[in-house]
Structure formats: C-alpha cells, structure tokens
Amino acid sequence: MTILSVTGLTKRFGATDVLRGIDLDVARGERIAILGASGSGKSTLLRCLNFMERPGGGTIALDGEVLGREGRTAERIYRESELIQVRQRVGMVFQQFNLFPHMTAIGNVMEGLRTVRGMAKHEAEARARKELARVGLADKADTYPAHLSGGQKQRVAIARALAMDPEMLLFDEPTSALDPELVGEVLAVILALAEEGRTMLLVTHELGFAYHVATRIIFLADGAIHEQGTPDEVLKNPKKERTRAFLASHKQFSF
Amino acid sequence: MRWDFASIFENTDALLVGAAGTLRIFAICLVLGLSLGLVIGLGRYARTRWLYIPATMFVEVFRNTPVLVQILWFYFALPILLPFEMSPLAAASLGISLNSAAFSAEIYRGGIQSIETGQWDGARALGMRWGQAMRRIILPQALKRMLPALTNRAIEIFKMSTLASAVAYVELLQQGKLIASLNYNPIEAYTAVAVIFFVFLWPLVQFSYFLERRLRRDE
C-alpha cells in the first residue's frame, strides 16, 4: 500500500535546478536509502517530503491525497494548517540534531506532545520516558543537550520524532556529524526501528548500513533518480557507469 | 564651601514624591517600551512588506530624533493636531516608550536572527506553527542572548525619566530642581538626586547578573 507518492518533483535554488523531476512511490513498511554525491539533491528531496522546503513543481500525495492546490505557476499553493498535519505524520531527524538547547532531554521529547498535540503534562512525560527508554537514554532524561555526546543527542532527536507517532520517518544524514566511534549507537537505534517495520527514508553515506537496513536503494545524480533497485542490485551489481564510479569512490579505503 | 545636607533631609517628603514619580514613569515606559519593541522587532523581521516597511519607518524616526524633542513635541505640538490634552506624564511616557521601543526592536531583531535556522527546522518538523516556534523555541533562546542589552535598555529608560522634568512632570530631578531653587543648595540637591538614582539602579544591575546566571543553567 502506497503511503507517499511523489510525481514530477522539482526544486530550484536561484539559477540552480536542484531537483529535476523526481517520481517516487513509498509503500508502507518500505525502507529506502537515498545515495548520491554531495550536491545531487538528496537532502533537498528529503526536505521537500515534509515541506521544510516548498517543492517548486510537481505533486506530493500522502495516503492518496494530493497536497496543496494549483496556483498560477508550477508551484502549488499549500495551506499552513495542511503542512502542519503532514509534518506530524512525517517525522524528521537532522544531521545536526537540532535539539532545543534550553530544554532537557525529556523536555525536548515532550515539546511536540505538549505544544503541538496539547497533551497533559503527566501523559506527555510518561510517553517521553518510554521513547527515551527505547533509544537507551532513560537515565539522561534530565540532562541538557550541552552535556550529551553527539550520539546521545541524535538518539534524543530520534526519540523526539518518534513521540509524535509518525507514519514515516525521514533521516537526513543522521550520522554524518558524529565522531566515528559514536556512529554505531545511532545506527543500532535506526536498525531496531527498521526491524519494527517502520516506513523510513534515509539519506546516508554509510553504504554498509544502507545495504543491511534498506529494502530499496535510490541513487540520485544531478537532481534525478539515476538508478534504483534492491540493495543487491544497486550496491553489488550497479548497471550505470555513474553509480559504479560513486560506489568505487566510497569503497576505496575498505579492505 | 561647606556641604550642608540638613536642607535636603528637611525636604525628604518632596524627594519621596519625586522617587514615586520616577518609579511610576519607569514602570510604564519599561513595560510599554520593551513590549512594543518586541512587536516592532518582529515586524522588522517579517518577510511581509506591509509589516516590514512601517516597522522600519518607526525605528528610523524614533532612533534619529532626540527623546527630549519627542517629549516636548508630544506635549506642545500633538494637542494642536489632535483634539485632546496631553498630561506631562502622558507626553513623557510616550516619548520615552516609543524611543525605547525603537532601540529595543533592534535588540529583539538581532537576537532572533542570531538563532540558528536548525532550531526553526527542529520546531517546524514537530508540526509547530510560526507563533509556537517563536514562543517556545526561538524567543527563550534569543532572550538569553539579549538579556545584557535589554538590561542596558532598562537602565537607560530609568535615567531617561529625568527628561520628563522638561514638561514639569514630578519626578526626582524635578523635585531636586525645586529643592535647589527654594534653598539655594544645588550642589547638595543634585548630589542627593544622583545618590538616589544609584541606590535604585545598582540593585537592578545586580538582579540582571543573577538572571543571566540563572539562564545559563542549561550550558
């Protein structure tokens, strides 16, 4: 069953075409890893899916419902209330965590529940504790982000996204800002979510992780889908020359 | 010469009335100036031209004219243009509040702009509206960075209250002038006024240091 359907998605920044017509259907339970060189548009694609960036053209449908309405230009017109609904259904985890530094770990996880959902304090707190325990940080509930390691911060950020019960999770290079020894703990949390059958899209440079966790790999080049398929197809037997070159450049130090 | 503070102590009542007047106009201007400043600052930050242009004009007009002139203008000129009388308190409060709003608007704008865009991203990704993100995520962090500048504003407002004496509003300086002219003791009278100002302001500054330390708990 298709949860998200993207048709002809385009995005320009100034004179640069970052996305040149992306078509993508995401089925419930699917885990898609998006690969590509820097500047290929993979982060922009992800950010368009929960409207952190407004799509320049094309349509995005959630559960079969096309979002926004046609305007005078190719860019559709979106109501703020509509986008707020989408963002609650499509959670996002950022490269730089974007935790709220003036709130403790549990305060961060409770914030969406309290402010957006209007949940009662004790209820939100119970839920937040559950999510922190899920990412293995029950004992850090009252710690401010400044006193957490990068890996811990990212796990709090994941708990914060999970607390909103999203139908789909977007991970935007979740381990790229981490010291190498902290990458594993974050990947382990994401893997556990994958095993629960959650729908997720993941932009990453961790090819080995993508191979294990993803059900589909998309290789993006110049703002378009260059090649896609199962991890075995794309990572082990890439058909296109550019995919091969990208994989080779990422493997040159592995042995 | 000899310092003679006896004449000052004989006029304690007058100084108390003056202190009450100073505190009253300070409270009015602090609340009006800093809250209107936030509104104007948000307008200066807005992408909508209909908010940005009036907010910018306001800031430029009130930043680039002297407060004393504003107070005199509100007291003498405004009642000619509009069909109502201006009390000294109203004219002085308007002048000082609007001037403080213009300066604090720039503090708010700078403070809000200094917050990383990632904080907006984090808030919006949870489904927050602009106002919710501003109130819960951006302003609390921005206020912490702005606190020293806003404290300076508060101190400035307190001292600007003396300008209200220009329209004969009863505050500390006005009473000091009165005592000096009745007793021919300007040195003692103005010294007393200065000491009273220091006694009020010093704890205010200490309180701001305390606030800053408290806000740094999360670091």
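Right above here is the structure, for reference.
Everything numeric in this text was worked out from a predicted model, so none of it was measured.

1. Observations concerning the overall build of chain B
Each helix and strand in chain B was counted, giving nine helices and zero strands. Each helix (α) and strand (β) of chain B, taken in turn from the N terminus, gives the series α-α-α-α-α-α-α-α-α. The principal-axis extents of the C-alpha atoms in chain B amount to approximately 70 × 50 × 25 Å. Burial status across chain B gives 46% buried among its 219 residues. When the accessible surface of chain B is summed, it comes to about 11,600 Å², and 67% of that surface belongs to carbon and sulfur atoms. For chain B, the centre of its 20 positive side-chain charges and the centre of its 14 negative side-chain charges are spaced 12 Å apart.

2. Section: the sheet that holds strand β9 (residues 216-221) of chain A
All names here are of chain A. Across the sheet, six strands lie side by side as β6-β7-β8-β3-β9-β10; this open sheet has mixed pairing. The open sheet terminates on both sides in strands that have one partner only, identified here as β6 (90-93) and β10 (224-229). Neighbour to neighbour, the strand axes of the sheet diverge by 20° on average, direction disregarded. Judged from the five bridges that link them, β9 and β10 form a sheet pairing that is antiparallel. Its bridge partner being in β10, I218 is matched across the sheet by Q228.

3. Side note on the interface of chain B and chain A
Contacts between the two partners involve 19 residues from chain B and, on the opposite side, 26 residues from chain A. Contact between chain B and chain A buries roughly 2,000 Å² in total, counting both sides, with carbon and sulfur atoms accounting for 57%. Interface area lost by chain B to chain A is led by B:R124, B:L126 and B:D218, which between them contribute 30%. Counting across the interface, chain B meets chain A through two salt bridges. Measuring nitrogen to oxygen at the nearest pair gives 2.7 Å for the salt bridge that ties A:E111 to B:R136. For the pair chain B and chain A, the interface holds eight residue pairs in polar contact (both at pLDDT 80 or more).

4. A few points about the nonpolar core
All names here are of chain A. Judged by nonpolar contacts, the single largest core of 59 residues is most densely connected at L132, V156, I158, F171 and I190. Setting aside chain neighbours within four positions, we find V156 in contact with L99, A105, N108, V109, L132, L137 and L148. In terms of nonpolar packing, the next biggest core, distinct from the first, is built from 32 residues, M168, L201, V203 and I218 among them.

5. Points about the packing of helix α2 (residues 12-45) of chain B against helix α3 (residues 49-63) of chain B
Residues and elements named next belong to chain B. Two numbers describe how α2 lies on α3: the axes approach to 7 Å, and their chain directions differ by 125°. Between α2 and α3, the interaxial angle falls into the category oblique. Our pair here, α2 against α3, has a crossing hand that is left-handed. Residues L36, I40, G43 and R44 of α2 lie in contact with α3, whose contacting residues are L51, Y52, A55, T56, F58, V59 and E60.

6. Examining the pattern of salt bridges
Going through the model one piece at a time under the given rule, you end up with 26 salt bridges over all chains. Its salt-bridge partner being A:R134, residue A:E196 comes within 2.8 Å of it at the nearest N-O pair. Of this pair, A:E196 sits in the loop between α6 (180-195) and β8 (199-203) while A:R134 sits in helix α4 (residues 121-134), and the two are 62 residues apart along the sequence. By relative accessible area, which is 43% here, A:E196 ends up partly exposed. A salt bridge links B:R124 to B:D121, with the shortest nitrogen-to-oxygen separation between them at 3.7 Å.

Conventions we followed
- Residues numbered from 1 in each chain as written.
- Chains lettered and ligands numbered in written order.
- Predicted model: local features only at pLDDT ≥ 70, side-chain atom pairs only at ≥ 80, totals over all residues.
- Heavy atoms only, no water.
- Helix = DSSP H or I, 4+ residues; strand = E, 2+ residues; numbered from the N terminus.
- Buried < 20%, exposed > 50% of the residue type's maximum accessible area, 1.4 Å probe, protein only.
- Areas by Shrake-Rupley, 256 points an atom, 1.4 Å probe, with all protein chains shown as cover.
- Lys, Arg positive; Asp, Glu negative; His and termini not counted.
- Charge placed at Lys NZ, Arg CZ, Asp CG, Glu CD.
- Pairing = 2+ DSSP bridges.
- Axes fitted to C-alpha atoms, helices over the stretch in contact; angles between N-to-C directions.
- Contact = heavy atoms within 4.5 Å.
- Buried area = accessible area lost by both parts, 1.4 Å probe.
- Salt bridge = Lys/Arg side-chain N within 4 Å of Asp/Glu carboxyl O.
- Polar contact = N/O pair within 3.5 Å; in protein donor to acceptor, adjacent residues only side chain to side chain.
- Core = buried A, V, L, I, M, F, W, Y, C linked by side-chain atoms within 4.5 Å.
- Parallel < 35°, antiparallel > 145°, perpendicular 65-115°, else oblique.
- Left-handed = near helix turned anticlockwise from the far one by under 90°.

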